Amino acid sequence: MYQSTSYVLAIDTKTELFDGMYINTEEPIYSFRSVDFENKKLLILAGADHKTGFAPTEVDTYKKLEDLAKKYYPKLEVLYKWNTRDCITLDKIPYIGNLSSFSPNVYVATGFNKWGMTTSNVAANIIKDNILNNENKYSFVFNSLRLNPIKNRTELKNMGNESFKAFITNRIKITPDSISKIKRDNGAIIKLSNKSVGIYKDLYGKIYAVNPTCTHLGCLLTWNNLDKTWDCPCHGSRYDYTGKNIYDPAFKNLKRYEIE
Ligand code: FES
């Protein structure tokens, strides 16, 4: 599986809202749904996904989402914005069933490919039937022990290349630069004293320097200027600009450097 990031706005549309969920069929994909929140109905607008650890498809994705919503709700107010992450399987079918053939009482349900609300219900039914020894006519489709993803050779090759780049190529391609060239409220990886250093310069010019090596398995992180985070292209771990871990599978913070 690989990780995919999507962006989300929670919007007070200042007008009556629909019920239900809607999604378009062309790229880029956007979904609309409503949610009850503190005695109000809010619009949840999500989309503009990309592989975690790679550059967003838009310079300012949140603004792009807001502009889209304004077409339908010109008086709207954006109350919250965030990004979220999903596990995508190579054959686009979730894994639901036994975790391994050696642990018959341990189940897994993952790789929902952004359809978690629907597929988690499918998973609940399949796993419940497994536990009760009932036959479930859909369980073979989601068989968690299948090896079919290997059939998706193109995506497998892409993932291999991306991981290889994150481990090796980026490390030797880093061009020497100086902190002064980094604009305020921006980040970059630069070489300092022969070390790769991840730098974020805040709005006031304060510098935050970290070791940009993922604490999970050592991939080189990339700077995400939309959310001011360090993101891992290998398995999707993320860290805030101070190096604090905010997303697994890594659970350790990045090493901080002091800049003199
Ligand atoms: Fe970064 Fe695995 S190496 S998440």
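Preceding this paragraph is the structure being described.
Residues numbered from 1 in each chain as written. Predicted model: local features only at pLDDT ≥ 70, side-chain atom pairs only at ≥ 80, totals over all residues. Heavy atoms only, no water.

Once that is clear, we can look at the environment of lysine 75. Tracing the chain through its elements places lysine 75 in the loop between α1 (61-72) and β5 (77-88). By relative accessible area, lysine 75 is classed as exposed at 69%. For the pair lysine 75 and threonine 15, spaced 60 residues apart in sequence, the C-alpha separation works out to 8.5 Å. Beyond its immediate sequence surroundings of up to four residues, lysine 75 is in contact with Thr13 and Lys14. (Helix = DSSP H or I, 4+ residues; strand = E, 2+ residues; numbered from the N terminus. Buried < 20%, exposed > 50% of the residue type's maximum accessible area, 1.4 Å probe, protein only. Contact = heavy atoms within 4.5 Å.)

A full pass over the atoms with the stated rule returns 13 salt bridges. The partner of lysine 14 in a salt bridge is aspartate 12, and the shortest N-O contact between them spans 3.6 Å. Given a relative accessible area of 9%, aspartate 12 falls into the buried group. (Salt bridge = Lys/Arg side-chain N within 4 Å of Asp/Glu carboxyl O.)

Spatially, four strands are ordered β11-β12-β13-β14 in an open sheet, and the strand pairing comes out antiparallel. Of all strands in the sheet, those bounded by a partner on one side alone are β11 (222-224) and β14 (245-247). Within this sheet the neighbouring strands show an average axis-to-axis angle of 35°, counted without direction. (Pairing = 2+ DSSP bridges. Axes fitted to C-alpha atoms, helices over the stretch in contact; angles between N-to-C directions.)

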